[in-house]
Amino acid sequence: MSDNDKAPKKSFFKGLKAEFKKIIWPAAPVAAKESGAVLVITIVLSLVIVAVDMLVKLGLGAILG
């Protein structure tokens, strides 16, 4: 593929702008509620990972001495 086969940058940005106009953005309360849910799930999963890591360390410490 040569450089002449590529679309010019101008048409790329026109297409990008057209695609951004198609986005339906959520209302502020919905976005806040969903962000809160993501934050809570992230914290819970982090605590689960830390707990499993500590249990594995304790188990390996007991096995290996």
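Here the structure is a predicted model, which means the values were calculated and not measured. (Residues numbered from 1 in each chain as written. Predicted model: local features only at pLDDT ≥ 70, side-chain atom pairs only at ≥ 80, totals over all residues. Heavy atoms only, no water.)

A. Highlighting the overall build of the protein. Within the protein, the regular secondary structure consists of 2 helices and 0 strands. The buried share of the protein, taken over its 65 residues, is 0%. (Helix = DSSP H or I, 4+ residues; strand = E, 2+ residues; numbered from the N terminus. Buried < 20%, exposed > 50% of the residue type's maximum accessible area, 1.4 Å probe, protein only.)

B. Focus on the pattern of salt bridges. Considering all chains together, one arrives at 2 salt bridges under this definition. Of the charged contacts in the structure, one is a salt bridge between K22 and E19, with a shortest N-O distance of 3.1 Å. The class for K22 is exposed, based on a relative accessible area of 57%. K57 serves as the salt-bridge partner of D53, at 3.7 Å between the closest nitrogen and oxygen. Placement of both D53 and K57 in helix α2 (residues 28-64) is noted, with a separation of 4 residues, approximately one turn of the helix. Owing to a relative accessible area of 38%, D53 belongs among the partly exposed residues under this scheme. K57 gets classed as exposed once you look at its relative accessible area, which sits at 56%. (Salt bridge = Lys/Arg side-chain N within 4 Å of Asp/Glu carboxyl O.)

C. Fine view of helix α1 (residues 9-21). With 13 residues, α1 extends 19 Å from end C-alpha to end C-alpha; this agrees with the ideal 18 Å at 1.5 Å per step. In terms of burial, α1 is largely open, as just 0 of its 13 residues are buried. (Expected span 1.5 Å × (residues − 1).)

D. Molecular detail of a nonpolar patch on the surface. Residues V40, V44, V48, V52, V56, L60, I63 and L64 make up a contiguous nonpolar surface patch of about 770 Å² in total accessible area. Relative to the helices and strands, L60 resides in helix α2. Note on L60: relative accessible area 46%, which makes it partly exposed. (Patch = residues over 30% accessible without salt bridge, like charges linked within 9 Å, V, L, I, M, F, W, Y side chains within 5 Å. Areas by Shrake-Rupley, 256 points an atom, 1.4 Å probe, with all protein chains shown as cover.)

E. Main features of α2. The terminal C-alpha atoms of α2, which comprises 37 residues, lie 53 Å apart, in line with the 54 Å expected from a rise of 1.5 Å per residue. Phi for G65, located one or two positions after α2, is positive at around 100°.

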